[in-house]
Amino acid sequence: MEEGERIIALLHGRDRPGLVSRLSGWIYARGGNILHADQHRDRQEGVFFQRLEWIPAGDVEMEMSMFREISEKELDLETTMLRSTVRPKVLVMVSKFEHCFSDLVLRQRAGEIKCDIPCVVSNHEDLRPMAEMFGLPFKVIPVSKDSKAKAEAELAETVRSKKADLIVLARYMQILSPEFIEECGVPIINIHHSFLPAFAGAKPYHKAYERGVKLIGATAHYATKDLDEGPIIAQNVTRVSHRDTVEDLMRKGRELERSTLADAVRWHIEGRILAYKNKTVIFD
């Protein structure tokens, strides 16, 4: 076991007395050291949610297996487990806008987002120089109305060959088909340049300007087969006024998009998100 390695468990299921005591007591009895414990109860649904993070007392894989026996078979809790030392592979998808892409890569290089980026995929050549500057493989998969199925088949093969654990749409300006989203086998995080559910779809800043809104926002969410309706992970807003042009809204929005997407990706990688139905529980 590497020094400082931690086990992270995300759990949810029917709420009932004794769950917290049983889980934390098992870790204590084995000599583990709990570093983080947070739980939430959905009163309307009667569902218990918990995130546990601890330093294990022995072999990591064995301890994870034993913990899962308790949580799933004895307590009937759906359980996801992570090792803090395992760096997930994140496939980043871009089009022509660089701000979210460059921000993610700089945060990753600084150690703020602990992952590896095995490949950058785009439907245009525009960001190849930036990817190469960062030393990242860059793959162009052109997309047109007639070639969409072929392009998605190539994208699916790239996901498999790179062994990606997560796809991040860093302003990838193409709509992925419901079939690809359901069959790709990994979560997909998208950044939408609007405070969803307002102004879904294309050109939300233009729509916001026409509506005369006083707040604009950005939303990071998991992509599902329903466009821009997946579980919301993070949202941020900023004030605007009648003096702001569409270009001003886009400039202010880019700042929101960077930070909102970065938060969502970091929380996912750190095992702080528990998706349930079409909502998320975000643990501190």
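Visitor: Before we go on, may I ask you to explain the packing of helix H1 (residues 19-29) against helix H2 (residues 60-74) in this structure?
Guide: Helix-helix packing is described using two parameters, namely the angle between the two axes and the distance between the axes. The geometry of H1 relative to H2 is characterised by a closest axis approach of 11 Å and an angle of 160° between their N-to-C directions. With respect to H2, the axis of H1 lies roughly antiparallel. When you trace H1 past H2, the crossing you get is right-handed. Here Arg22, Leu23, Trp26 and Ile27 of H1 lie close against H2, whose contacting residues are Glu63, Met66, Phe67, Ile70, Ser71 and Glu74. Class assignment of the residues belonging to the contact of H1 with H2 gives a composition of six nonpolar, one polar and three charged.

Visitor: Even after reading the chapter, I still don't get the packing of helix H3 (residues 99-109) against helix H8 (residues 246-269), so can you show me in this structure?
Guide: Running from amino to carboxyl end, H3 crosses H8 at an angle of 45°, the nearest separation of the two axes being 9 Å. As far as their axial angle goes, H8 and H3 are oblique. At the point where H3 passes H8, the crossing takes the right-handed sense. Facing H3, whose interface residues are His99, Cys100, Asp103, Leu104 and Arg107, H8 presents Arg254, Glu257, Arg258, Ser259, Leu261, Ala262 and Val265.

Visitor: Where do I start with the sheet that holds strand E1 (residues 7-14) in this structure?
Guide: Two orientations exist for strands paired in a sheet by backbone hydrogen bonds: parallel and antiparallel. If you walk across this open sheet you meet the four strands as E2-E3-E1-E4, and the pairing is antiparallel. At either end of the open sheet lies a strand with only one pairing partner, and these are strand E2 (33-42) and strand E4 (78-83). Across the sheet, the mean angle separating the axes of adjacent strands is 10° when strand polarity is ignored. Most of the contacts of H1 go to strand E3 (residues 47-55), to which it runs at about 15°, and overall it touches E1, E2 and E3.

Visitor: Help me understand the environment of Gly185 in this model?
Guide: Its location among the elements puts Gly185 in the loop between helix H6 (178-183) and strand E9 (188-192). Separated by 174 residues in the primary sequence, Gly185 and Leu11 have C-alpha atoms spaced 21 Å apart.

Visitor: Even after reading the chapter, I still don't get the layout of surface pockets, so can you show me in this structure?
Guide: The rolling of a water-molecule-sized probe over the atoms marks out the regions of remaining empty space. Reported here for the largest pocket is a volume of approximately 900 Å³. If you go around the largest pocket, you meet 36 residues; those closest to its centre are Leu82, His268, Ile269, Glu270 and Gly271. Taken together, the elements giving at least two residues each to the lining of the largest pocket come down to E1, E3, E4, H8 and strand E12 (273-276). By residue number, the principal contributor to the lining of the largest pocket is E4, which donates six residues. Of the residues assigned to the lining of the largest pocket, the class counts are 17 nonpolar, seven polar and 12 charged. As a volume, the second largest pocket reaches approximately 410 Å³. Lining the second largest pocket are 22 residues, and of these Gln174, Ile175, Asn190, Leu227 and Asp228 lie nearest its centre.

Visitor: Please explain helix H5 (residues 148-161) as it appears in this structure.
Guide: Three or four residues apart is the spacing at which side chains of an α-helix point the same way, because the helix has 3.6 residues per turn. With 14 residues, H5 extends 20 Å between its outermost C-alpha atoms, agreeing within 8% with the 20 Å of an ideal straight helix rising 1.5 Å per residue. Of all the residues in H5, the buried ones are Ala151, Glu152, Leu155, Ala156, Thr158 and Val159. Considered in projection along H5, the buried side chains sweep an arc of 160° and stay on one side of the axis. Along H5, exposed side chains directed more than 90 degrees from the buried face belong to Ala149, Lys150 and Arg160.

Visitor: Help me understand the nonpolar core, please; the structure alone is not making it clear to me.
Guide: Generally speaking, nonpolar side chains in soluble globular proteins are found buried as a group. The biggest cluster of nonpolar side chains holds 40 residues, and the ones touching the most others in it are Val94, Phe101, Leu136, Ile189, Ile216, Leu261 and Val265. Looking at this core, the elements that each hand over two or more residues are strand E5 (90-94), H3, strand E8 (166-169), E9, helix H7 (204-211), strand E10 (215-222), strand E11 (232-239) and H8. With residues near it in sequence (within four places) discarded, Val94 still touches Phe101, Val120, Val121, Ser122, Asn123, Leu127, Phe138, Ala170, Arg171 and Tyr172. By size, the runner-up hydrophobic cluster in this structure holds 20 residues, among which are Ile141, Leu155, Cys184 and Val186.

Thresholds, definitions, all that
Residues numbered from 1 in each chain as written. Predicted model: local features only at pLDDT ≥ 70, side-chain atom pairs only at ≥ 80, totals over all residues. Heavy atoms only, no water. Axes fitted to C-alpha atoms, helices over the stretch in contact; angles between N-to-C directions. Helix = DSSP H or I, 4+ residues; strand = E, 2+ residues; numbered from the N terminus. Parallel < 35°, antiparallel > 145°, perpendicular 65-115°, else oblique. Left-handed = near helix turned anticlockwise from the far one by under 90°. Contact = heavy atoms within 4.5 Å. Nonpolar A, V, L, I, M, F, W, Y, C, P; charged D, E, K, R; others polar. Pairing = 2+ DSSP bridges. 1 Å grid on protein atoms, 1.4 Å probe; cavity = no way out; pocket = protein on both sides within 12 Å on 5 of 7 lines; lining within 4 Å. Points joined across faces, edges and corners; volume = space filled by probe spheres on them. Expected span 1.5 Å × (residues − 1). Buried < 20%, exposed > 50% of the residue type's maximum accessible area, 1.4 Å probe, protein only. Arc of directions from axis to C-beta. Core = buried A, V, L, I, M, F, W, Y, C linked by side-chain atoms within 4.5 Å.

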